[in-house]
Amino acid sequence: MSDLRELYQDVILEHSKAPRNYRQLATANHKAEGYNPLCGDHFTLYLDLKGDSIHDISFQGSGCAISKASASMMTQSVKGKTREEAGKLFEQFHKLVTGQANGNQADLGKLAVFSGVSQFPVRVKCATLAWHTLQAAMEGKQEPVSTE
Ligand code: ZN
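Visitor: Just checking my understanding: could you explain the nonpolar core for this structure?
Guide: Within the largest apolar cluster, 38 residues are counted, with the highest numbers of intra-cluster contacts made by Ile-54, Val-78, Phe-114, Trp-131 and Leu-134. Only strand E2 (41-50), strand E3 (53-62), helix H2 (65-78), helix H3 (83-97) and helix H4 (121-139) provide two or more residues apiece to this core. Of all the elements, H4 adds the most residues to this core, at 10 residues. Here Ile-54 is in contact with Leu-47, Asp-48, Leu-49, Val-78, Lys-79, Gly-80, Lys-81, Ala-86, Leu-134 and Met-138, once residues within four sequence places are set aside.

What follows is the structure in structure tokens.
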């Protein structure tokens, strides 16, 4: 795993050790479960949707540093945004971690620390798990999301 060290930038490490919005959400009206069998990442996402916007969001579960940090930073990034804005952000994030960034990633802010993930295709699923789970929660899907 030593080749992954360069991926573990300070921000990612810090978020994986002290994830933000890591709790159950009593006011949640949407919930989804995401699972990445390849790595063992497994999270539950709680969403409080008010109309079309993400009023509050939280998550719980376990996974590798990348998946946990990504979930933590995703919750921070989409809180207060509309579903459409969150969807667009995911689109940009997905391009970033799959190496298709086209210089149009200004909105990503500090999520840009995940750009190194594009060098490690197997880690893309770790980085995008929380986002896929967010989409499922917004769409009200009942079955757990799997990256496989
Ligand atoms: Zn993982």
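Visitor: Would you explain the packing of helix H1 (residues 10-17) against H2 in this entry?
Guide: The axes of two packed helices give the description: the angle between them and the distance between them. With their axes 8 Å apart at the nearest point, H1 and H2 run at an angle of 85 degrees to one another. Between H1 and H2, the angle falls in the class roughly perpendicular. For the pair formed by H1 and H2, the contact residues are Val-11, Ile-12, His-15 and Ser-16 on the first element and Ala-65, Ile-66, Lys-68, Ala-69, Ser-72, Met-73 and Gln-76 on the second. For the contact of H1 with H2, the residue count by class is six nonpolar, four polar and one charged.

Visitor: What's the story with the coordination of the zinc ion in this structure? I'm lost.
Guide: Each donor-metal-donor angle in an ideal tetrahedron of four donors is 109.5 degrees, and each such angle in an ideal octahedron of six donors is either 90 or 180 degrees. Protein ligation of the zinc ion involves Cys-39 (SG), Asp-41 (OD), Asp-41 (OD), Cys-64 (SG) and Cys-126 (SG), the donor distances falling in the range 2.2 to 2.6 Å. All donors of the zinc ion belong to a single chain; written as a sequence motif, their spacing is C-x1-D-x22-C-x61-C. One end of the pair, Cys-64, is in the loop between E3 and H2; the other, Cys-126, is in helix H4, with 62 residues separating them in the sequence. Residue class for Cys-64 comes out buried when judged on its relative accessible area of 14%. Here Cys-126 falls in the buried class, since its relative accessible area comes to 1%.

Basis of the calculations
- Residues numbered from 1 in each chain as written.
- Predicted model: local features only at pLDDT ≥ 70, side-chain atom pairs only at ≥ 80, totals over all residues.
- Heavy atoms only, no water.
- Core = buried A, V, L, I, M, F, W, Y, C linked by side-chain atoms within 4.5 Å.
- Buried < 20%, exposed > 50% of the residue type's maximum accessible area, 1.4 Å probe, protein only.
- Helix = DSSP H or I, 4+ residues; strand = E, 2+ residues; numbered from the N terminus.
- Contact = heavy atoms within 4.5 Å.
- Axes fitted to C-alpha atoms, helices over the stretch in contact; angles between N-to-C directions.
- Parallel < 35°, antiparallel > 145°, perpendicular 65-115°, else oblique.
- Nonpolar A, V, L, I, M, F, W, Y, C, P; charged D, E, K, R; others polar.
- Donors = N, O, S within 2.8 Å, 3.2 Å for Na, K, Ca; no water.

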